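# Geometric and topological summary
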Amino acid sequence: MDWGRAKNVLIYAFLLLNLVLGYQLWNDVREQADTSLDFASLSESTQKVMKEKSIQLLCQIPSITPQLPKITYQYLNGENIGPQIGLEDKIESQLIFRDKDLVSALKVPIPQIGNYQYDPQGSEYMTKSEMERVKEAGAAGRFVMHALVDQKWPLFNDQLELFYSEQRIIAYRYSPIQIVTSGTGDEESQKMMPASNALKTLVERHIPPGSAIKDIQLGYYGQVYNSESQIAAPSWRFTLESGEMYYVQGISGDVTVTSPKSEKEKE
């Protein structure tokens with residue numbers, strides 16, 4: 001065997017591999033830069049208000065502004081909070097949510113779980129009634145997931161709760177839903193306001209001084225009424241370190257606030 005030639009082939013192969021990996025890394029960084037903005041990208045007036053009110057921004061600002069329609073959806077069992085169901089075979093969960101492992105393990109008791117997405121912010125903060133549900137399940141805490149619209153956008157109104165204790169999922173609670181997009185064509189969709197514009201509205205009129213914004217996410221949200229069908233609109237959700245969540249309707253700009261300290265929602 002010609003060892004010199006083989007050595008050269010290996011060197012060229014490693015160089016080619018490094019080039020491919022380098023290109024992939026550069027492409028990932030570029031995609032991340034294309035989908036998020038930072039504090040410096042905000043308008044001077046917004047930056048000024050945030051500095052005056054000592055409002056901190058601890059996350060990136062999404063730059064996407066998709067064209068999305070409002071949706072209608074129905075709770076198949078007629079209520080937005082389903083019954084608690086205990087698991088005979090407890091499922092290992094570790095101390096953090098392991099998306100793929102848990103989803104795979106829960107497909108038998110919850111066949112629809114593949115169309116749900118884990119929400120770390122919703123899992124961290126709980127209202128009094130949510131804490132009561134955790135206590136009722138005999139659990140130490142819960143993981144929260146939301147049904148996805150078009151397999152991409154979380155419906156924040158909908159919750160699948162996975163209750164855990166001693167690093168095992170012991171019970172769950174959810175109400176199956178059917179999601180129907182209200183429009184059949186582009187004429188029913190409207191372009192979202194940028195997250196930076198929604199942030200401007202919040203810091204100027206709603207978020208109290210000294211707050212810290214830790215997460216910004218796009219999804220669907222709407223008031224839940226005592227009716228068969230519910231309506232939700234594309235909305236930006238801003239989560240503060242205090243646990244308060246501000247939902248800014250992406251088309252009208254209407255603001256709704258939910259707080260773990262209160263069961264009420266404020267417009």
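In short, a report on the structure. (Residues numbered from 1 in each chain as written. Predicted model: local features only at pLDDT ≥ 70, side-chain atom pairs only at ≥ 80, totals over all residues. Heavy atoms only, no water.)

## Describing the packing of aromatic side chains
Filter applied, for reference: Two rings from Phe, Tyr or Trp (for Trp, the six-membered ring) form a pair when their centres are within 6.5 Å of each other. A pair whose planes differ by under 30 degrees is stacked, one over 60 is edge-to-face, and the rest are tilted. Relative accessibility under 20% of the residue-type maximum defines a buried residue, over 50% an exposed one, and the middle range a partly exposed one, all with a 1.4 Å probe and only protein chains included.
As enumerated under the stated definition, the model contains 7 aromatic pairs in all. Relative to tyrosine 174, the ring of tyrosine 172 has its centre 6.2 Å away and its plane inclined at 50°; by these criteria the two rings are tilted. As far as the burial class goes, tyrosine 172 and tyrosine 174 line up, both buried. Members of the aromatic cluster, joined through ring pairs, are Tyr116, Tyr172 and Tyr174.

## Considering unusual backbone geometry
Keep this limit in mind: Secondary structure elements are taken from DSSP: a helix is a run of H or I of four residues or more, a strand is a run of E of two residues or more, and numbering for both begins at the N terminus.
Unlike most non-glycine residues, serine 54 shows phi in positive territory, near 55°. Checked against the element boundaries, serine 54 lands in the loop between helix H2 (44-52) and strand S2 (56-57). Given a relative accessible area of 47%, serine 54 falls into the partly exposed group. For glutamine 151, which is not a glycine, the phi torsion comes out positive at approximately 60°. Position of glutamine 151 among the secondary structure elements: in the loop between strand S8 (141-149) and strand S9 (153-154).

## Concerning the environment of glycine 219
The line we're drawing: By definition in these notes, contact holds between two residues if any of their heavy atoms fall within 4.5 Å.
Turning to its location among the elements, glycine 219 is positioned in strand S14 (residues 212-221). With a relative accessible area of 0%, glycine 219 lands in the buried category. In this structure, the C-alpha to C-alpha distance between glycine 219 and serine 235, residues 16 residues apart in sequence, is 5.5 Å. Sequence-distant contacts of glycine 219, defined by excluding residues within four places in its chain, comprise Trp153, Pro154, Phe156, Ala233, Pro234 and Ser235.

## Digging into the pattern of salt bridges
Heads up, the rule is: The salt bridge definition used is simple: a Lys or Arg side-chain nitrogen within 4 Å of an Asp or Glu carboxyl oxygen.
One pass over the structure, following the stated rule, counts 8 salt bridges. Between lysine 200 and glutamate 204 there is a salt bridge, and its shortest N-O distance comes to 3.0 Å. A residue pair is termed a helical-turn pair when its members lie 3 or 4 positions apart in one helix, as lysine 200 and glutamate 204 do in helix H6 (residues 195-205) at 4 residues. Note on lysine 200: relative accessible area 30%, which makes it partly exposed.

## Details of the nonpolar core
Within soluble globular proteins, side chains that are nonpolar tend to cluster in buried spots. Here is the rule: By convention a nonpolar core is built from buried Ala, Val, Leu, Ile, Met, Phe, Trp, Tyr and Cys residues, the set being connected through side-chain atoms within 4.5 Å.
Counting 52 residues, the largest nonpolar core has Leu162, Ile213, Ile216, Trp236 and Phe238 as the members making the most contacts within it. Among the elements that take part in this core, H6 stands out by supplying 5 residues, more than any other. The next biggest cluster of nonpolar side chains, apart from the first, holds 6 residues, and it includes Val134, Ala137, Phe163 and Ala171.

## Some details on helix H5 (residues 128-136)
Heads up, the rule is: When we speak of the arc, we mean the arc of directions from the helix axis to the C-beta atoms.
Among the residues of H5, those classed as buried are Glu130, Arg133 and Val134. For H5, the arc enclosing every buried residue in end-on projection is 100°, short of the 170-degree limit, so these residues lie on one face. Counted as exposed and oriented over 90 degrees from the buried face of H5: Lys128, Glu132, Lys135 and Glu136. Along its buried surface, H5 packs onto strand S6 (84-92), S8, strand S10 (160-165) and strand S11 (168-173). Count one or two residues on from H5 and you reach glycine 138, which has phi positive near 65°.

## As for the environment of glutamine 217
Relative to the elements of secondary structure, glutamine 217 occurs in strand S14. For the pair glutamine 217 and serine 235, spaced 18 residues apart in sequence, the C-alpha to C-alpha distance is 8.4 Å. The contacts of glutamine 217, once residues within four sequence positions are left out, are Gln117, Pro154, Phe156, Ser235, Trp236 and Arg237.

## Observations concerning the packing of H2 against H6
What counts, and what does not: Here an axis means a line fitted to C-alpha atoms, over the contact stretch when the element is a helix, while the angle between two N-to-C directions is reported on a 0 to 180 degree scale. A crossing counts as left-handed when the near helix is turned anticlockwise from the far one by less than a right angle, and as right-handed when that turn is clockwise. Each residue is assigned to one of three groups, with Ala, Val, Leu, Ile, Met, Phe, Trp, Tyr, Cys and Pro labelled nonpolar, Asp, Glu, Lys and Arg labelled charged, and all others, Gly among them, labelled polar.
Put simply, H2 and H6 touch, their axes get as near as 10 Å, and they point 35° apart. Every pair of crossing elements has a handedness; the one defined by H2 and H6 is left-handed. Along the contact surface, H2 presents Ser45, Thr46, Val49 and Met50, while H6 presents Lys200, Val203 and Glu204. Here the contact of H2 with H6 is composed, by residue class, of 3 nonpolar, 2 polar and 2 charged.

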